[in-house]
Amino acid sequence: MELIVGGGIVGLSVAWRLSRAGRAVTVVDPAPASGASHAAAGMLAPVSEVSYTEEPLLRLGVASLRRWPSFAAELAADAGLPPGVLAPSPGSSGAPSYGVDFRADGTLDVAFGADDLAALDELAAFMGKLGLPVERLTGRECRRLEPMLAPSVRGGLLAPGDAWVDPRRVTSALLAALERRGVPVVRARVSRLLRASEGPGDGAVVGVELAAAAGGGAVPAEIQADGVVLAAGVWSAELAGVPVRPVKGQIMRLRSAEPLLSRCVRGVVHGAPVYLVPRGDGELVVGATQEELGFDTRVTAGGLYELLRDARELVPGVTELEVAEVVAGLRPGTPDNLPLIGPSGTPGLTLATGHHRGGVLLAPLTAALLQGEEPELAALCSPARHHPVPGPQGFGGLPYDKTSGSEEMG
Ligand code: GLY
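Residues numbered from 1 in each chain as written. Predicted model: local features only at pLDDT ≥ 70, side-chain atom pairs only at ≥ 80, totals over all residues. Heavy atoms only, no water.

**A short note on the site of the ligand**
Consideration 1: The immediate surroundings of the ligand are formed by Glu49, Tyr275, Ala288, Arg331 and Arg357.
Consideration 2: One nitrogen or oxygen atom from the side chain of tyrosine 275 is found 2.5 Å from an oxygen atom belonging to the ligand.
Consideration 3: One of the side-chain N or O atoms of arginine 331 is found 2.7 Å from an oxygen atom in the ligand.
Consideration 4: Burial of the ligand by the protein chains amounts to 88% of its free accessible area of 200 Å².
Consideration 5: Split into classes, the residues belonging to the shell around the ligand amount to two nonpolar, no polar and three charged. (Near = heavy atom within 4 Å. Polar contact = N/O pair within 3.5 Å; in protein donor to acceptor, adjacent residues only side chain to side chain. Areas by Shrake-Rupley, 256 points an atom, 1.4 Å probe, with all protein chains shown as cover. Nonpolar A, V, L, I, M, F, W, Y, C, P; charged D, E, K, R; others polar.)

Right, here's the structure in full:
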C-alpha cells in the first residue's frame, strides 16, 4: 500500500490517480482540504501568472493546464457529479464548465502606466516566441471585454487559453471520488516518518507514526506502507527536512447578485500583483498577498486593505460588493519556485510538494509525473536538484513506473 501524507489538492489528486491506475493507496491528513487548497483562488493561468524569468515553471503550467479539462471531467464522473451542472458565466464564450466549475474563458492582464504597457509588450513578445497564443489589446478593447474595468486601464494582454477552477469543489469531488473507490482517508496528524532500523533497507521510510487525536478519538499509533508520498505542503519541511518555506497569502471572497466580471482579470498595482477570479455562482475572489512571516495565518487589516485598494484600481465596482469571507493560506515555496516531485533521495520516500503559487494548476501534472509520464518535465521537478547526487542505486521512492527514468534524473 502507498501512503499519501497530505490531503490537499495535490495529495488527493495523486491518491485518486494512483487508485484509478489500480494501486492500493491510503491518505492521511488531520483535516483534508483545509489548508492552502481551501484558501486558493484556483487560477489555472500559466501564461499570465509566470514571468519570463521562469520558463521551466511556464512549461510545467502549460502541460498541466492541457490536462485539466479531462482531469475535471473524469473527476466529476468519478465523484458522481453531473458534468456541466453550472451554466457558462454570462458574457463568456460558453466554454465548458464541469461539476468542479472548470472554466476556460481566458485571463486578461491589464496595465495602467507606460511602464506597465512596456512590460506587457515584452511579455507578449516572449510568449509569442514560445508559440503561446496571447492577444495584445488596447484599453478600449479591454473594456469591451470587461466593461467594469477602470477607465484608466491603458491596455492589456489576453491569454485566451488560461482557465480557472473552484479548488473547494475540486477537493470535495476528490474526497467523494476516493470514498467511492474505497480509498481510506485517515484523519490524523503524522508526527514523524517511520524508518527501517536494520537490514539492507536501513534508513528507508516504511510508514508513519501518528499523533494521538486531540479529542481523544481512536487513531492507530502508526501506519506501515510500501512507500510514502509526502504531499504535506509547508509541513513537508518539519517531516522530512524538505526545502519549503511558508509564503502567506491573504484572500477575500466577495459576493454580488450580478457577476462583475466574466473572466479572470490580473494587474500589477503599486508593484504588487492582484487578481480577481469570478465564480459561476456570483462570487468574486480577490487575491492575494505574498508575505514571508513563517507559519502565521492571521488575516490582518493591512492585508485586506491592500487587496481592496489594489482591486479597486482595476475594477472600481468591487467596493460595492458584499464581503463573504476572508482567509489566509500558506503556499509551500521552494528556493527556485519549482515544485519538488519525485524520489526524495531516501528509499521509500517520494515528494509531491513545494508547489508554491501553482498547487491547483499543477495537481494533474504532479499525479502524472509520479506515474512516470513526461520524463523531461519530471526532470525539472526532481528533488535531486537540492541535494548531492547519489549513485544509481541512491534514489528510493516508489516504484511507480520503472520506465519513468526518474532514477536517472539526479
Ligand atoms: N496562484 C495565485 C496565488 O498563489 O496567489
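**Things to note about the environment of serine 344**
Consideration 1: Here serine 344 is to be found in the loop between β18 (340-343) and β19 (349-353).
Consideration 2: Through-space distance from the C-alpha of serine 344 to that of histidine 387 is 9.2 Å; in sequence the pair is 43 residues apart.
Consideration 3: Of the polar contacts made by the side chain of serine 344, one reaches the backbone nitrogen of threonine 346; its length is 3.0 Å. (Helix = DSSP H or I, 4+ residues; strand = E, 2+ residues; numbered from the N terminus.)

**Comments concerning helix α7 (residues 167-181)**
Two residues of an α-helix separated by three or four positions point the same way, owing to the 3.6 residues in each turn.
Consideration 1: Taking 1.5 Å of rise per residue, the 15 residues of α7 would be expected to cover 21 Å, and the 21 Å separating its terminal C-alpha atoms lies within 8% of that figure.
Consideration 2: Looking only at α7, the buried set comprises Pro167, Val170, Thr171, Ala173, Leu174, Leu175, Ala177 and Leu178.
Consideration 3: Structurally, α7 contributes buried residues whose contacts are with α1 (9-20), β2 (25-28), α2 (36-39), α4 (55-79), β8 (185-186) and α10 (359-369).
Consideration 4: For α7, the side-chain oxygen to backbone nitrogen distance between the N-cap and arginine 168 is 3.0 Å, and the N-cap itself is aspartate 166.
Consideration 5: One or two residues past the end of α7 sits glycine 182, with phi positive at roughly 80°. (Expected span 1.5 Å × (residues − 1). Buried < 20%, exposed > 50% of the residue type's maximum accessible area, 1.4 Å probe, protein only. Contact = heavy atoms within 4.5 Å.)

**A look at the pairing of β2**
Consideration 1: Neither face of β2 is open: one carries Val25 and Val27, the other Thr26 and Val28, and all of them are buried.
Consideration 2: With four bridges connecting them, strand β1 (residues 2-5) and β2 associate as parallel partners. Bridge pairing in β2 links valine 5 to valine 28.
Consideration 3: Note on the crossover from β1 through α1 to β2: the handedness is right-handed.
Consideration 4: Alignment of β2 against β8, held across two bridges, turns out to be parallel. Along β8, the bridge assignment pairs valine 28 with valine 186. (Pairing = 2+ DSSP bridges. Right-handed = clockwise from strand over helix to strand, strands pointing away.)

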